[in-house]
Amino acid sequence: MTHPAFATHEVFNQSPPFEDVDLFTLDMPLSESIAANGAAAAAQELSEFGKHWGSAAMAARGRAANENTPKLRSFDSRGNRRDEVEFHPAYHELMARSAHAGVHNSTWTAQGKPAGAAAEVVRAAKFYIASQVETGHLCPITMTRASVAALAAQPDLLAKTMPVIATRAYDPGFAPWWTKRGMTLGMGMTEKQGGTDVRSNMTRAERDGSAYRITGHKWFMSAPMCDAFLVLAQADEGLTCFFMPRFAPDGSVNAIQFQRLKDKLGNRSNASSEVEFVGAYAERVGEEGKGIRTIIQMVQLTRQDCAIASVGLMRSGLSHALHHARHRSVFQKHLADQPLMQAVLADMALHVEASVALVMRLCRAFDQAPEDPGEAAYMRLLTPAIKYWVCKSAPGFLYEAMECLGGNGYVEEGILARHYRESPVNAIWEGSGNVMCLDVLRALSREPDAATAVLQDIAEQAKGLPGGAEAVASIAKSFRRPDGERVARLAVEKLALLAAAAALNKIAPHHAELFAATRLATPHASMYGAVDLANDDIEGLLARALP
Ligand SMILES: Cc1cc2nc3c(=O)[nH]c(=O)nc-3n(C[C@H](O)[C@H](O)[C@H](O)COP(=O)(O)OP(=O)(O)OC[C@H]3O[C@@H](n4cnc5c(N)ncnc54)[C@H](O)[C@@H]3O)c2cc1C
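Residues numbered from 1 in each chain as written. Predicted model: local features only at pLDDT ≥ 70, side-chain atom pairs only at ≥ 80, totals over all residues. Heavy atoms only, no water.

Asks: What am I meant to see in the overall build of the protein chain here?
Replies: Looking only at helices and strands, the protein chain features 18 helices and 11 strands. Taking 24 Å as the expected radius of gyration for a compact globule of 547 residues, we find that the protein chain reaches 24 Å, a close match to that expectation. Seen through its principal axes, the protein chain has C-alpha atoms that stretch 75 × 75 × 40 Å. The burial tally for the protein chain puts 59% of its 547 residues in the buried class. Across the protein chain, contacts joining residues at least 24 apart in sequence account for 74% of those joining residues at least 6 apart. (Helix = DSSP H or I, 4+ residues; strand = E, 2+ residues; numbered from the N terminus. Rg over C-alpha atoms; globule rule 2.2 N^0.38 Å. Buried < 20%, exposed > 50% of the residue type's maximum accessible area, 1.4 Å probe, protein only. Contact = heavy atoms within 4.5 Å.)

Right, dumping it as structure tokens:
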């Protein structure tokens, strides 16, 4: 019996926690999207993953890892440099669970070649599910997975590191990478004077036998307890990519000195450092002077993950909003039965359904690109467009999801306040919004025929959808304009919307029609729910979003 001192009045009309659920099986748009993109056979594996990540225990780890933020330990008690970052055990547990499921490496073979089949789609589904629970730890997970694409430019280094990258062990020990059961990799490009404009990097690389010594700084370098970093620095022939391990080959701690950790809006379980390199040991990756070309292979993959994680965050917002609305009564009716709330929830469900169809379509392109030039062209043109639209839509979406829970949504005990603070970072890092739009223009100018073929293909798949033909004409016209940069946001947003409608058309044609009618034929209102959907459509959307 509760002690009288702790007794309270009866608590009622509060929604139960949205926990101990299967985050895969509950999500019909997800299971249909992965099936449409070649990964139907992974349903059982994904359901296991979905149950595990949907458990109350994982939710508690996510909360603990964000409340107990990483601490930089620069020195030991005697004044010796340590340069270690301590994380809460919950963070290590999250890392271990993602690594055991191969979220950090499963798109590669043991030799570091693309795994093919539907490996990208399956892994993306896991990344999307994990991001619904805790997103900060996914920073080293995405960077480790993506680093292999850059390491491919240096086959001897790839052959050395791959046996440690390819394991499913998470080994948080501070020790040389070659002695460990598993390793993680980070990335250092951004300096104080320039992040987008990495050509302005001032960090210097001097030859030292077959290796190099790096001197300079990075203004942002996340996940500082990674075992190695891919770093850009100026060598004799220009900007070059380097592999900088935490330990030099003689086993001594490398000269990587962390100055402080960033105090961030969100992404709090993840540490992001400011760092000085004081003649740090490094090995070259790819040719001297080809640093951007080398590291862009990695960045292409982290951009893909930014979009996947943003859809995951929005999906979580939608699930919590729907779950709450089905339990909370207002004026003698559940919120989920109030016509105005239905309009809001259905419009949000439509956004997520189209977004998940779009990112899974993109992941199929990543799977098939090595063998199929058409898919490679889709991947090249659409990755920046999708990162732009999906990531930039997430904060507004999460704000609306939070409001569906009323005051509870704004309070830190729930997950939505954290998701909301987390969401803007995916649009900023790995190339901010304008940079994504400029990258679409770059793809168009460098390979105009391939890009035109991609647009024609999307147009074909979106044929007959409301506003589809007009959108195609408007995109093509904007991209032909000599002052195309000025209207790039307009055209790139339309391109992403059209591609989303086309992807959804393969899975749920009627919902693709609704999406096109409310986003292409007429501009979407600035708030969710300012749409005129029929009752049947509302019911259909909400039943698919959360049975
Ligand atoms: C939490 C966090 C963690 C990070 N971790 C890492 C990391 O691990 N490694 C790493 O290397 N970096 C990291 N970054 C840095 C991040 O990648 C950069 O902040 C980002 O690339 C933008 O660079 P910048 O901050 O120098 O801004 P700037 O390059 O100055 O850009 C400012 C704005 O100008 C816009 N812009 C730039 N060029 C143009 C143009 N030609 N026309 C129009 N608009 C333009 C951009 O879109 C942006 O909105 C991290 C950032 C954050 C917030």
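Asks: I'm lost on the nonpolar core in this one. Help?
Replies: A general feature of soluble globular proteins is that nonpolar side chains tend to end up buried together. Phe-243, Leu-382 and Leu-495 are the most contacted members of the largest nonpolar core, which has 180 residues in total. In terms of domain composition, this core takes at least three residues from each of domain 1 (55–288) and domain 2 (301–545). Other than its neighbours up to four places away in sequence, Leu-495 contacts Leu-381, Leu-382, Ala-385, Val-440, Leu-455, Ile-458, Ile-475 and Phe-479. (Core = buried A, V, L, I, M, F, W, Y, C linked by side-chain atoms within 4.5 Å. Domains from an automatic or database assignment.)

Asks: Help me understand the side chain of Asn-254, please; the structure alone is not making it clear to me.
Replies: Mapped onto the elements of the fold, Asn-254 is located in the loop between strand E7 (238–245) and strand E8 (256–261). For Asn-254, a relative accessible area of 5% gives the class buried. A distance of 2.8 Å separates a polar atom in the side chain of Asn-254 from the backbone oxygen of Pro-245. Setting aside its immediate chain neighbours within four residues, Asn-254 contacts Met-244, Pro-245, Arg-246, Phe-247, Ala-248, Ala-280 and Tyr-281. (Polar contact = N/O pair within 3.5 Å; in protein donor to acceptor, adjacent residues only side chain to side chain.)

Asks: I keep staring at the side chain of Glu-288 and nothing clicks. Help me out?
Replies: Inspection of the secondary structure assignment puts Glu-288 in the loop between strand E9 (272–285) and helix H8 (291–327). A distance of 3.0 Å separates the side chain of Glu-288 from the backbone nitrogen of Glu-237, its partner in a polar contact. Beyond its immediate stretch of four places on either side in the chain, Glu-288 contacts Arg-207, Tyr-212, Ala-235, Asp-236, Glu-237 and Thr-240.

Asks: Help me understand unusual backbone geometry, please; the structure alone is not making it clear to me.
Replies: In terms of backbone geometry, most residues other than glycine have negative phi values and most peptide bonds are trans. The phi angle at Ala-223 is positive, at roughly 50 degrees, despite the residue not being glycine. With respect to the secondary-structure elements, Ala-223 resides in the loop between strand E5 (211–222) and strand E6 (228–235). On the basis of relative accessible area, Ala-223 is assigned to the buried category, the value being 3%. Despite not being glycine, Glu-430 has its phi angle at roughly 65 degrees, a positive value.

Asks: Hey, could you run me through the domain arrangement of the protein chain in this one?
Replies: Note on interface size: it is often stated as the accessible area lost on association of the parts. Taken domain by domain, the protein chain comprises domain 1 (55–288) and domain 2 (301–545). Placing a centre on the C-alpha atoms of domain 1 and another on those of domain 2 gives a separation of 30 Å. At the interface, 36 residues of domain 1 touch 28 residues of domain 2. Regarding the contact of domain 1 and domain 2, the summed buried area is about 2,500 Å², with carbon and sulfur atoms giving 61% of it. Looking at the side of domain 1 facing domain 2, the largest losses of area belong to Glu-120, Tyr-128 and Gln-132, adding up to 24% of the total buried there. Connecting domain 1 to domain 2 are 2 salt bridges. Between Arg-123 and Asp-305 there is a salt bridge whose closest N-O contact spans 2.7 Å. Here domain 1 and domain 2 share 12 residue pairs in polar contact (both at pLDDT 80 or more) between them. (Buried area = accessible area lost by both parts, 1.4 Å probe. Salt bridge = Lys/Arg side-chain N within 4 Å of Asp/Glu carboxyl O.)

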